[in-house]
Every structure is written in C-alpha cells, then in structure tokens.
Amino acid sequence: MTHHISSLLFTLLLSLLASLPSSARETLNFDRGWLFCLGDSSAMARTDYADTSWRQLTLPHDWAIEGDFSVDNPSGAGGGALPGGIGWYRKHFTVPASLTAADRLFITFDGVYMNSSVYINGHLLGTRPYGYISFQYDLTPYLRRGSDNVIAVRVDNSDQPNSRWYSGCGIYRHVWLTTTSPLHIANWGVYVMPTTKNGRTWTVPVSVTLADDNHEGQHPMVRNTLFDSNGKIVAQVANGSTEQEMTVRNPRLWSPDAPNVYSLLTEIVIAGKTVDAVRTTTAFRSFRFDTKTGFWLNGKNMKLNGVCDHHDLGCLGAALDNDALRRQLVKLKDMGVNAIRCSHNPPAPELLNMADTMGFIVMDEAFDMWMRRKTKNDYARFFEKWHQRDLTDMLLRDRNHPSILIWSIGNEVLEQWSSASADALTLEQANLILNAGHDASTLAHGKELSPNALLTIHLADIVRSLDKSRPITAGCNEPSPDNHLFKSGALDLIGFNYHEQYIKDVPKNFPGKPFLMTESVSALQTRGYYRMPSDSDYVAPERWDKSYTNASMMCSAYDNSHVPWGTTHEGTWDIVKHTPYCAGQFIWTGWDYIGEPTPYGYPARSSYFGIIDLAGFPKDSYYMYQSEWTAKPVLHLFPHWNWLPGQTVDLWCYYNNADEVELYVNGKSQGIRRKDDSHQYHVMWRVAFEPGEITAVARQHGKEVRRQTIRTAGPATSIRLTCDYRGETTTFINAEVIDEHGTLCPDARNHIYFTADNADIVGVDNGSQFSTEHFKASDRLAFFGKCLVVVRVKDKTKPVVVHAQATDLQPASLTIKTK
C-alpha cells in the first residue's frame, strides 16, 4: 500500500508542476517511495510485475553494508568482505494528463554501482556499466499519461572482485526528475570559466548547448545573469548567441580561506517568455603550477595540503548522506586540509558542491584502470567501449566547479609499463580506441610512441576538448621518464604516487614540467594502539608481494609504522615542505575506508591508512598536521597513562606557537624539549610509568601558553555521550567508557547498547579495522574506550534523545535539539 501512497504524493507534486507555465523547468528529488528486492528475474522490469511484497525504502541505498562480513564473500577483504549480488529497484508514479505531449521528463541518476539497466514501463532505456558515473535518460516517449508508470532498475554487482576497495551495491547516490519545455538547455549544457590577465578585470565566457531545437521559426534569446553571494546582479548579457561573454571588475576571489562563489542564471527566452532556466555555481580564481616554486593561487605561493579519500561513509556504507559527507570535510578542514583527491573515480556531485562552498581544492579523477585489469572483473572489461562516454560525462558534469583545479585521467594504471601479458594494449587496439581512421603515428604528431602513450594522448585530448582551463595529470607509481604516460607528453603535471627518493631527480628527468605528490605516505595506524620503542620503524608487510601476520591485528598509532612503498607522515611532509618545486601532496588517506586492509587479511576488512579512523575519531597524527598546517594553537600529548608499573613508556607531543614543552610526571619535571630545527615535528620523553598524572606545559618566551594533563584511569563506572556532529537529519554521537572522575578508560571494551527516541539508529562503529560486528546493529563493543552511534531524526519539530547502557556501567542519555 505504501508505494501507492508515494505514487499519490508524487502525482500531487507533478500536478503542481502542471500548474506552472508548461515551459518551466523543475527538478524534483526522486529518492522516496522506491521498492527493493535482492534477486533477479527479467519479469521484474514489467509494469504489471507483482512487487507489493518488496521492501520499501528511500534512496540513496547500499544493500552491501546491510550484510554480514564473511571470508566467503567474493569481494574478498580487499573489497570489504561484504556481499554483492543482483538487486532490483522499482518505483510507481503517475503523470497527470495535463502534462502535454510536448513536455519533456528526464530522470537523472548520480551514481549506481554497478552495471545498471534502467527500464520505463518495460522499455529498456539503457545500461551503464561504470558504477561511479552520473547519467540521464529521457522518459518522455514511453510515459503513460494519466495512469501508472513504473521505473525499474536492475543493478548487477555479482561479478566480483571488481574493485580494490569497498564499492557498495545499489542506487547509492541521489535520483532526480526534471521537467522541461521542448526547447531546453541540454543536460550539463552550460559552461562558464572566468579568466583574467591582470587580476582585476575578468572575462566571463558562457557557452550554452541547446537540446531539441524545434521552436517553429521563433528566435530564442539566451540571457545570462551573474549574481554575487548576496543576490546582487554583477553582470548580464542577452542576445541570440549561445556563445556569450561578460566582464566583471574586482570580484571577490575564491580560495580555501575565502571560498567566495557566484551564481550564474542562464535563461532561454522566446517572445519575452522564459522557457528554460539553469543555475550554475562559478567563482573567480587564478592559479598556476610552476617548475621551480610549485603552486600559486591568486598570486600566493602555497602548498596543496591534500588527502585522498574513497567514497564510503563508514558504517553508512556507500549510500550518500549529505550530513555524513559534510562531517568528513569539516574534520579535514579543522586538520588544515585544503585539497581533496577523488580517489579513484568521479565523486558524488554533493562533494564538489561542498568543496566549492567550504573551500577545498579538488583533483577530480576518472579511472583506476584502463585496458589492463587490476582485479578479475573490474572496469577494464568495459573500458574500450565506454571510456570516452564516461570521461566526457565526467567533464561535462564537473567542469563548472571552481574547486576543481586538476583533472586526473588515471591512477597507477598498468599501462605505465610495457608488457607481453594477454591484456596489454596492442597497436591495433590503440588505433581502434583512437577511433578516427588515422594512423597512430599521425595521432602522435609524428613521434614514435607506444600504444600506451597513444592512449594517454587520446584521454588527454578528450579532456582538453571539453576544458582547457585546468592541467591534466595521472597518479603514477613508476617514477622513471620511461613511464609511457610521461613519455606521451600529454600530462601537464608530473604526479608521483610515493617514490619520495626520486623527487630530487624531477627537475633533471622532467625538465619544464611542474610536479606534485598525487599520492603519498601510506602510514599504518590503529587508533589507541602503541608499539614501542617509538623511534623504531615497523614496515608491514616486508615487501608488497609478501603476506603479514601479527596476533594483534593492529598497527602502531605512533608515526612509526608504514608499508614498504610508503613512509611516515613526518618523513613525507618533511620532503614536501622543504622542496620548493613540489606543489604539495595528497596523503593516503584522510579517513579510513572499508576494504583494502593492508597489511592484514580477513578478518581485517577496512584500511589502516587514514588519519581519522572509520568512526570519525582522529588518530594522533591528525594533530601533527594541525600543528603544521593551521595557525590553531596545538598541544597534543600522547599516549594515555594506563600501563604496567615501572613499564617504560614513550611520550610524544605535537605542538606549535611555542618555544618549548616541559613534561611533568606527578609534578616532577622530566625535562624540557624543543624542536631543534625545521625538520623536527614532535618531541619525545622516555619515562617509567607510575600511576597518577602527566602534564605537558608549552611556553613561549618563557611564559606558559598551553597545558594538557592526562590521568591514569580507574575502573570503568559509566558511559559518557557527546554529540560529535549534528546534521540536518543525521547526527553522530560518541560514546566513551569513563571512570568515576570522568577519565577515559583507554583499554575498555564494554558492550554498549543504544536506543533512541524520535530517531532511527542507522549505524554503529568503533574504528576497529578488524571487527566483524554488524554496521547496522544497535549495539557495539567499545574499542580503546570509544564507539559511535549514528541516528536519523524522524520528526524535526521534536528533540532526539539517545540512550546508552552496558553491564556494570551507569547508563547515559543525551538530548539533541533538532532546530
């Protein structure tokens, strides 16, 4: 019955649309009222299929995150050890008869993982294999006006493994329904990219692509109006051309510190009547990459202090939640991050919208593989047929975002090297892909280049045909000039993944090419676990192709554990900081993510690379970056102070805006430490444990400026609930196990049970990389004293109350206002 109610509500919405001028564009969120079934039958596409027993849900949705972790799941630990399969979604809706035959109705999917086939009333609209691309279909020719219509979507993620990380399964991003007049602006049909020569006077060219240009001899006018953030008109132009230009003097510039954005309203006008209108975010900023001095933005030399991140949202899985995504970005911003690499695929549009308005520079990335596969069933099997369409769609969708300053056409693609393997690219395949009937040498401008280099040129040419305003790079883990991607000459930026030892040779090996670290660090850390001595490095595994075992299933939270191809956080930052021609870095990774649990196998099922753990608790290195990348006062002493009597403990301290730090153990000084030069990023004391308290005192010019005290925790007595992040609909609450004085019990693993009033519990987590507890439960073991519960409000007019209880602990409740 519920889906018929949803159908009625949707009919009312469309009736409202019908009351508007028939030419008006309207876009509606189409997430509610879907039905879902895990299974497969061709009959599920039919309009008359009996779906009343199907599960009712609201998109975005990820069915894999609802499953159980298992060593038998074909995704493997690398894919998160969660299930795949085939699922169907159906939605009923009615189009009012008043919607004329001339009106257009489009459906847009922001992302479906993967192999989606979309049907309307039993008619196949199309199939898109790539799970990260956005796409649109025209429903108009197949609609039944005045009667029931059915959208059916088949999602096939059964051929696994097909990813090196957790992908999720299903319609995991938003869906939109758009109505337009017959003559309208094409999907992603506005392109605006302000430019300047002197920094004061800016040219604003606007290109508009029209669709279905059947207006019976009438002459449409294109009107572009530019608004500032206060809604004030700053420029306008109107004429019969789809290629226009405006001039703006002394606009407010966009930067990470001041993300000033403008809004462009593009209208199509016939006989004085607006028949279509689209709004586009834009901004004014100038930037360049220099071979000697790195990156410049608006005339200021700065480093790209970036992180790589995958798309999952921890216990919420791949299903997009705007609040969860913003929470991730807020925590990264607070750390000092100013740049995001979308690893290794087109992101959700919401991430780019947030980057525009929150102030993040973005490297937008297209593919993790080209023709040569990395996992058995990955995108390589579709690349030859689909790469041009997918790359084109990414560029058309994303090119207006002012936050995007770099395009990446690939990550560690195996085409960097020559190979005789069966899936290596041949010259014949290269010519087929290049698809112009030209000789390969002609396409290479007379150079003798390999097929892999030709493919690089081809991909870069697709990008430049749609946007020439940004440089092109690729994340390369072959630093040699013999790399086929580098030899192609098609990359504007030389991008290294790791291989810090070769950075010194970049000016010699790549003369005239700017340079940045497209991927760096890959340190391994488990929040709350410390392996001593802390001044010894622990490399795991010993070599990339070797296995690694350790009974703890953890990695040291001191910055002293990393993979063999990576380095420590401090080690990489020291190189980037002191290499002027290095434009910056993108650290692997900002957040832990599901899948790729290097260096362990199952039951490990999520990464150890993040600076923030999967639950959102910062690891200690977070504060090293905060002390280097921000002006915020930082004094972070760690680890905890619960050890065995007499045990030797290494105490580290990250700090800034101070000359020295002195450590006291139970009031007795353990000495003053100073960072002796610009290559030191923490200070350390090695002391014997005695119960009580430790205090770090930071001084500047001999005067105390900050103080931090850590106490030995006694037996656990109660739970403390605090609001970590409150969003519009989703709220994140931290639960800590504490003693009678409120001190965190750092080894507590109590089993905590949650309930909520006026909210649904939508996820639980604790940051453990090897826990096989269910993400969609309402209980969780504390991990090093902490865990997380995520709730989604039911009624925004009422407060949410979250309750937590555990055996032998005093329960806790937390009231959260929703207004």
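We now turn to the structure provided with this report. (Residues numbered from 1 in each chain as written. Predicted model: local features only at pLDDT ≥ 70, side-chain atom pairs only at ≥ 80, totals over all residues. Heavy atoms only, no water.)

Details of the sheet that holds strand 25 (residues 404-411)
- Read from one edge of the open sheet, eight strands run 26-25-24-23-22-31-28-27, paired in parallel fashion. In this open sheet, the two strands that pair with only one neighbour each are strand 26 (472-475) and strand 27 (494-497). Direction aside, neighbouring strands of the sheet carry axes that sit 25 degrees apart on average.
- In this sheet, strand 28 (residues 515-521) lies alongside strand 27 in parallel orientation, the contact comprising four bridges. Opposite Gly495, over in strand 28, you have Leu516 as the bridge partner.
- Taken strand by strand, helix 7 (residues 451-466) contacts strand 25 and strand 26, and its axis lies near 150 degrees from that of strand 25. (Pairing = 2+ DSSP bridges. Helix = DSSP H or I, 4+ residues; strand = E, 2+ residues; numbered from the N terminus. Axes fitted to C-alpha atoms, helices over the stretch in contact; angles between N-to-C directions. Contact = heavy atoms within 4.5 Å.)

Considering empty space enclosed by the protein
- If you walk through the whole model with that rule in mind, you get seven cavities of 30 Å³ or more.
- Considered as a void within the structure, the largest cavity measures approximately 240 Å³ in volume.
- In this structure, the largest cavity is lined by 21 residues; those nearest its centre are His310, His311, Leu325, Pro347 and Leu351.
- Only helix 2 (322-335) and strand 23 (339-342) provide two or more residues apiece to the lining of the largest cavity.
- Counting residues per element, the lining of the largest cavity draws most heavily on helix 2, which supplies four residues.
- Residue composition of the lining of the largest cavity, by class: 12 nonpolar, five polar and four charged.
- What the second largest cavity holds in volume is close to 120 Å³.
- Lining the second largest cavity are 15 residues, with Tyr113, Tyr130, Tyr132, Asn162 and Tyr379 sitting closest to its centre.
- Across the lining of the second largest cavity, the residue classes tally to eight nonpolar, five polar and two charged. (1 Å grid on protein atoms, 1.4 Å probe; cavity = no way out; pocket = protein on both sides within 12 Å on 5 of 7 lines; lining within 4 Å. Points joined across faces, edges and corners; volume = space filled by probe spheres on them. Nonpolar A, V, L, I, M, F, W, Y, C, P; charged D, E, K, R; others polar.)

Overview of the pairing of strand 39 (residues 718-726)
- Across eight bridges, the pairing between strand 39 and strand 40 (residues 730-738) is antiparallel. Directly across from Tyr725, in strand 40, lies its bridge partner Phe732.
- In this antiparallel pair of consecutive strands, strand 39 and strand 40, the connection spans three residues.

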